[in-house]
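Listed below are the residues making up each chain.
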Amino acid sequence: MEKPKIDFAVGLNAYETVKEIVGKCVEAERLGLDYVWIGDSPPHLYCPSVAAAVASRTKKIRIGLGLLSPLLHTSDQISGSMISLTEAYGDRFEICLGVGDRSQLSRVGVDTKHGKVWDQVLKAKRKIARSLRASGLATKIWLGAQGPRMLAASKSFDGVLMNYASPRMVKWAIDRVKPVARKDFKIGIYAPSYVYRRWSPQAYRLLRIASAVVALGAPAAVLDEFGFSKQLRRATEEHKAGLRIESVVRHVPSEVVDSFSIYSPSSGLRSYLTELAELSIRHIVFGFPQNLSKITIRDLASALPNL
């Protein structure tokens, strides 16, 4: 029996220049990666415009957009962008919806404190799906999820991308998704990553920061489940007080960093991928700082099977 295939992707950050992002996506395609995911962030570039630039310079690599927040972009804007991109560059695009980074959204005046933000995401998904179907598109719509409520809500989507990395946490999350998952439903992870051939202290420092951001943004129910609430208490207090994340990260234990990130020498990645495959993971997005340079993207590609 043929083994189920895992799609491998690298995530690109919205705060880079378009030229930098395009160059890295061209390299990812040359190296044989299946996907690139282009992030969206309130203070930075609007990712559909970046996706158009990437598509114009690549031929076959699939392009994911997101996480896109319906609290920031209307359903019509998102579906209209997908229709325009597909008409211009072919059926190569997918989107991931979610609430988004609450602290960044609050900086641009978006209220995320009321209890209906989850409903807004679900309503947006249905409206976007209707618009895409009316245009003859079968675009895959993922949900970006972390907490139990959103994991359960993933039944309304085509797949779920979870912000976990440790097999223990991944299994816990999958147990909440599997009862509602369909045959064509994909379960994936999107995590801060550093897979390396030659270790760099700068890249590892950035990995710790990226992991801390994810951990500090995790729902209380998740942190309580894995005993991280107490370990993160001081870091959480300083983060809420407005201290820079670079200062806060010193109070984030290595165990927490390891749980929310993919950190491995190139030679050690295969066993980790095998463990995830056995847990039914079929899509892995290696996030920042794996995209730090073309060299770090090459390090990743050298460690992936069949590339």
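A few points on the structure. All values reported here derive from a predicted model rather than from experimental measurement.

## Regarding the overall build of the chain
Stage number 1. Regarding its fold elements, the chain presents 15 helices and 9 strands.
Stage number 2. Relative to the 2.2 N^0.38 estimate, which gives 19 Å for 307 residues, the radius of gyration of the chain is 18 Å and therefore close to what a compact globule would have.
Stage number 3. A principal-axis box enclosing the C-alpha atoms of the chain has dimensions of 50 × 45 × 45 Å.
Stage number 4. For the chain, with 307 residues in total, the buried portion stands at 54%.
Stage number 5. Put simply, 76% of the contacts in the chain that link residues at least 6 apart link residues at least 24 apart.
Stage number 6. Surface summary for the chain: the accessible area is close to 14,200 Å², and the carbon and sulfur share equals 51%.
Stage number 7. Side-chain charges in the chain split into 44 positive and 28 negative, and the spacing between the mean points of these groups amounts to 0 Å.

## So, the state of the cysteines
Stage number 1. Summed over all chains, the structure comprises 0 disulfides.
Stage number 2. Cysteine Cys25 remains unbridged, with the sulfur of Cys47 as its closest cysteine sulfur at 11 Å.

## Side note on the packing of aromatic side chains
Stage number 1. Taken as a whole, this structure holds 12 aromatic pairs when the rule is applied.
Stage number 2. Plain terms: the ring middles of Trp172 and Phe226 are 5.5 Å apart, the flat faces sit at 80° to each other, and that makes the pair edge-to-face. Of this pair, Trp172 sits in helix H7 (residues 167–177) while Phe226 is found in the loop between helix H9 (220–225) and helix H10 (228–231), placing the two residues 54 residues apart along the sequence. The same class applies to Trp172 and to Phe226, which are both buried.
Stage number 3. A centroid spacing of 4.9 Å and a plane angle of 40° characterise the contact between Tyr204 and Tyr263, whose relative ring orientation is tilted. One end of the pair, Tyr204, is in helix H8 (residues 201–216); the other, Tyr263, is in strand S8 (residues 262–265), with 59 residues separating them in the sequence.
Stage number 4. Tyr263 sits in the partly exposed class, given a relative accessible area of 31%.
Stage number 5. The side chain of Lys125 reaches across the aromatic face of Phe157, ending 5.8 Å from its centre.
Stage number 6. Over the face of the ring belonging to Trp142 we find Lys140, whose NZ or CZ atom lies 5.1 Å from the ring centre.

## A few points about the environment of Val214
Stage number 1. Examined against the element boundaries, Val214 turns out to sit in helix H8.
Stage number 2. For the pair formed by Val214 and Thr274, sequence separation is 60 residues and the distance between their alpha carbons is 24 Å.
Stage number 3. Excluding residues within four positions of it along the chain, Val214 makes contact with Gln146, Asn163, Pro192 and Phe260.

Thresholds, definitions, all that
Residues numbered from 1 in each chain as written. Predicted model: local features only at pLDDT ≥ 70, side-chain atom pairs only at ≥ 80, totals over all residues. Heavy atoms only, no water. Helix = DSSP H or I, 4+ residues; strand = E, 2+ residues; numbered from the N terminus. Rg over C-alpha atoms; globule rule 2.2 N^0.38 Å. Buried < 20%, exposed > 50% of the residue type's maximum accessible area, 1.4 Å probe, protein only. Contact = heavy atoms within 4.5 Å. Areas by Shrake-Rupley, 256 points an atom, 1.4 Å probe, with all protein chains shown as cover. Lys, Arg positive; Asp, Glu negative; His and termini not counted. Charge placed at Lys NZ, Arg CZ, Asp CG, Glu CD. Disulfide = S-S within 2.5 Å. Phe/Tyr/Trp six-rings, centres within 6.5 Å; stacked < 30°, edge-to-face > 60°. Lys NZ or Arg CZ within 6 Å of the ring centre and 35° of its normal.

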